[in-house]
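The lines below spell out each chain.
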Amino acid sequence: MENFDENIFSYFDDNEFIKWVTSKSDASDAYWKEWMQKNPGKIKGLLKAKQIAQDLSKAQKPLNTEILSQDIWEKINLNIEQQQAAISLAEYSPRKTNRLMIAASIAGLLLVTSSIYYFANIKTNRADATAKITSNVTSNNLNHVNNTSESRVVYLVDGTKITLQPGASLKHAVFLQKDKREVYLDGDAFFEVAKDANRPFYVYAHDIVLRVLGTSFNVTTNKKNGNVTVLVKTGKVSVFKSSNKNNAEFILTPTQSIRYTAQSQSIVKSESDAELEKADTKAQHVINFDFEETPIVTIFSALEEAYGIKMNYDEKIFSKCIITAPLRDEPFEEKLKIICAAVGAKYHIDNNEVFVQGTACK
Amino acid sequence: MKSENQLETNLWLQFKNGNKNAFAEIYKIHISSLLTYGAKLCSDEGILKDNIQDLFIELWNGRANLANVENEKFYLIKSLRYKLIRAEKKRQLHISTDSISDENIYKRIEVSVESEIIEKETRNSQINTVRKAINILSKRQQEVIQLRFYQGFTNEQIAELMQMNYQSVSNLIYSSLCRIKKNLSSSPVFATALLAAFSFFF
């Protein structure tokens, strides 16, 4: 009398049985139906076991979870929203912006000077201020080619800046709504990748793949022999062979470099302070996002050109909107938010195009 | 079952990429299990709510660094268990500095959230009788019964959660069932109207 039925317990010891009685599943139902057909003599025991198990399960549901559940979610939601509000407040409050701007300018200056320092391979310095970055807005695939004789900066929507050396080209799909950031490089370029822990940034250079989260580094590729050199300035860069993307060959830290030789498919890693010091170059062409008393329509077309993202808006409505927006290295969408906020406009992104809607400025 | 799992995996990935709707969906799917389980471990509704809240806020804030979990529910239940036991130990430290074992924690919970709510529910239902028979088990027995029959975890998962070996889980379930059976047979209501309904225990 004291002991529980061993036969019924044998079902309770079976994970498949527990799965069957605790969750709805067609596969499980089918399995036990077949089992019953094969074991007609055991059906009674099985169903008894099922009923006990279900009663034991039902006996576990004393809480009115609905109200509690809603209550807890509201608190979670509030907490998350407060965090987000705190972040955007820090970004957008005008006072803080001013201070940030100064700090950012100084940081920017350092960045530019140090970038210059690292470009070892530029020979010509001919100023060509009117030259534009070659980009095409027409398709989702963007192709930036530097046909000029001086280095050119390419801006990506995530805030990444890439300095293309003469002759270099960069291809990528618009990753405005993608969960990966991938670019294909031919030639030499310096990368300053914006941090985004959720979306690793991949550089494909011949047989080499680089994976980074947010860092700066220089890549040199040789079109003729397929050799690749990578030199890291800040952060970490994982180096893969494109033939084996699962295992990183090397992880590079600042001042480390690798040299990939295509013919032997070998990668050699080295410390390279000496190479870094040989830098001699002039400032690159940098797009100025510091808009002062500028028609918003002009800003939109500047963004369109810099990022290669099609901007859709009604020129008539925005024709009288003139704003001052001291923008810098913010990601594309941050810039868009700031500009739209200034005139009370709204934007949405669809199929990698931006649509701005608002009312006319007085 | 498979498609359900795939759906969950998908949600988990979307949530990891910062999709708040996916996060809300994950919450909706699992909150009932978490509350029901938490009520077994924690006598204080306020503490339970706080810990579930913290669990989800930490999940959201740390989403970028989360691994892909094989079984979301198991992951959440395990995290909640860890949190509640720690919260309970912390609370006990304020009361005394005696050595505290898990068993002590279970014992000191006398009037639990669930028992209050049970009273509000239909008293004379058959399920209620079973519930009462379960509620006079040791806390560990109650936990194992819930994990097996309500949460539907495998014995391996329960072993990992409760930090026991596999065979002990099976033994604990068996001894718990014996106790339930005994409790039911000594229940006064049992002898009359409910005899038929629970005959399967004999």
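Since the model is a prediction, treat every value here as computed from it, not as a measurement.

## Focus on the nonpolar core
Grouped together as the largest cluster of nonpolar side chains are 77 residues, with contacts concentrated most on Phe12 and Phe17 of chain A together with Phe56 and Leu177 of chain B. Residue contributions to this core reach at least three from each of two domains, namely domain 1 (2-105) and domain 2 (111-201) of chain B. Grouped together as the second largest cluster of nonpolar side chains are 63 residues, Val237, Val239, Ala262 and Ile267 of chain A included.

## Re the confidence of the model for chain B
Here chain B averages 78 in pLDDT, and 71% of its residues register 70 or above. Throughout residues 116-124 of chain B the model reports pLDDT below 50, and contacts reaching past four residues in sequence, or to other chains, amount to 14 contacts.

## Remarks on the interface of chain A and chain B
With 48 residues of chain A at the interface, the matching set in chain B holds 54 residues. The contact between chain A and chain B buries some 4900 Å² in all, and 63% of this surface belongs to carbon and sulfur atoms. Along the contact surface separating chain A from chain B lie 2 salt bridges. The salt bridge partner of Glu81 of chain A is Lys20 of chain B, with a shortest N-O separation of 3.6 Å. Counting every contact that joins chain A to chain B gives 17 residue pairs in polar contact (both at pLDDT 80 or more). For the side of chain A that touches chain B, the secondary structure elements donating two or more residues are helix 1 (6-12), helix 2 (15-22), helix 4 (43-58) and helix 5 (65-92) of chain A.

## Observations regarding the packing of aromatic side chains
All told, the structure shown has 32 aromatic pairs over all chains when counted by the stated rule. Ring geometry for Phe300 of chain A against Tyr313 of chain A: centres 4.7 Å apart, planes inclined by 45°, an arrangement best described as tilted. Here Phe300 of chain A, found in helix 8 (residues 296-307), pairs with Tyr313 of chain A, found in the loop between strand 16 (310-312) and helix 9 (315-318); they are 13 residues apart in sequence, far enough to count as distant. Looking at Phe300 of chain A, the relative accessible area reads 1%, which means it is buried. Note on Tyr313 of chain A: relative accessible area 21%, which makes it partly exposed. Clustering of aromatic rings is evident, with ring pairs tying together Phe4, Tyr11, Phe12, Phe17, Trp20, Tyr31, Trp32 and Trp35 of chain A together with Phe149 of chain B. Geometry around Trp60 of chain B places Arg63 of chain B over its ring, the cationic atom sitting 4.0 Å from the centre.

## Things to note about the confidence of the model for chain A
On average, chain A scores 76 in pLDDT, and the residues at 70 or more come to 78%. Overall, residues 274-283 of chain A carries pLDDT values under 50, and its contacts beyond four positions in sequence, including any with other chains, amount to 20 contacts.

## Here we look at the state of the cysteines
Disulfide: a covalent bond connecting the sulfur atoms of a pair of cysteines. Residue and element names in this part refer to chain A. According to the stated counting rule, one finds 1 disulfide over all chains in the structure shown. The side chain of Cys321 participates in a disulfide bridge whose partner is Cys361; the two sulfur atoms lie 1.8 Å from each other. With the S-S bond torsion at 90°, the cross-link from Cys321 to Cys361 turns out right-handed. Linking Cys321 in the loop between helix 9 and strand 17 (322-326) with Cys361 in the segment after strand 19 (353-357), this pair joins segments that are 40 residues apart in sequence.

## Looking at the pattern of salt bridges
Residue and element names in this part refer to chain A. If you walk through the whole model with that rule in mind, you get 11 salt bridges over all chains. Across the pair Glu16 and Lys19 runs a salt bridge whose closest N-O atoms are separated by 3.8 Å. Of this pair, Glu16 and Lys19 both sit in helix 2, 3 residues apart, which is roughly one turn of that helix. With relative accessibility at 32%, the residue Glu16 sits in the partly exposed group.

## Quick notes on unusual backbone geometry
It is generally the case that most residues other than glycine have a negative phi and that most peptide bonds are trans. Of note, Thr255 of chain A is a non-glycine position whose phi angle comes to about 70°, a positive value. Within the secondary structure layout, Thr255 of chain A lies in the loop between strand 12 (250-252) and strand 13 (256-261). Of note, the phi angle at Gln163 of chain B is positive, near 55°, even though the residue is not glycine. Within the element layout of this structure, Gln163 of chain B appears in the loop between helix 9 (155-162) and helix 10 (166-185). On the basis of relative accessible area, Gln163 of chain B is assigned to the exposed category, the value being 68%.

## A closer look at the sheet that holds strand 3 (residues 161-164) of chain A
Residues and elements named next belong to chain A. The sheet built from 7 strands is open, its strands ordered 2-3-6-9-10-13-14 with antiparallel pairing. The open sheet has two free edges, formed respectively by strand 2 (152-155) and strand 14 (266-271), since each of these has just one partner strand. Direction aside, neighbouring strands of the sheet carry axes that sit 20° apart on average. The pairing of strand 10 (residues 228-234) with strand 13 spans 4 bridges and is antiparallel. If you follow Val230 over to strand 13, its bridge partner there is Ile258.

## Some words on the pairing of strand 6 (residues 189-192) of chain A
Residues and elements named next belong to chain A. Covered by surrounding structure in strand 6 are Ala189 and Phe191 together with Phe190 and Glu192, the residues of both alternating faces. Bridge count between strand 3 and strand 6: 4 bridges; the pairing is antiparallel. Across the sheet, the residue bridging to Thr163 is Phe190, located in strand 6. Where strand 6 and strand 9 (residues 216-221) come together, 4 bridges link them in antiparallel fashion. Considered in strand 9, the bridge of Phe190 is made with Asn218.

## Looking at the packing of helix 8 (residues 139-150) of chain B against helix 10 of chain B
All names here are of chain B. Viewed as axis vectors pointing N to C, helix 8 and helix 10 meet at an angle of 105°, and their least axial separation amounts to 9 Å. Looking at the two axes, helix 8 sits roughly perpendicular to helix 10. For the pair helix 8 and helix 10, the contacting residues are Arg140, Gln141, Val144, Ile145, Arg148 and Phe149 in the first and Val169, Leu172, Ile173, Ser175, Ser176, Leu177, Arg179 and Ile180 in the second. Looking at side-chain class alone, the contact of helix 8 with helix 10 contains 8 nonpolar, 3 polar and 3 charged residues.

The rules behind each value
- Residues numbered from 1 in each chain as written.
- Chains lettered and ligands numbered in written order.
- Predicted model: local features only at pLDDT ≥ 70, side-chain atom pairs only at ≥ 80, totals over all residues.
- Heavy atoms only, no water.
- Core = buried A, V, L, I, M, F, W, Y, C linked by side-chain atoms within 4.5 Å.
- Buried < 20%, exposed > 50% of the residue type's maximum accessible area, 1.4 Å probe, protein only.
- Domains from an automatic or database assignment.
- pLDDT = per-residue confidence, 0-100.
- Contact = heavy atoms within 4.5 Å.
- Buried area = accessible area lost by both parts, 1.4 Å probe.
- Salt bridge = Lys/Arg side-chain N within 4 Å of Asp/Glu carboxyl O.
- Polar contact = N/O pair within 3.5 Å; in protein donor to acceptor, adjacent residues only side chain to side chain.
- Helix = DSSP H or I, 4+ residues; strand = E, 2+ residues; numbered from the N terminus.
- Phe/Tyr/Trp six-rings, centres within 6.5 Å; stacked < 30°, edge-to-face > 60°.
- Lys NZ or Arg CZ within 6 Å of the ring centre and 35° of its normal.
- Disulfide = S-S within 2.5 Å.
- Pairing = 2+ DSSP bridges.
- Axes fitted to C-alpha atoms, helices over the stretch in contact; angles between N-to-C directions.
- Parallel < 35°, antiparallel > 145°, perpendicular 65-115°, else oblique.
- Nonpolar A, V, L, I, M, F, W, Y, C, P; charged D, E, K, R; others polar.

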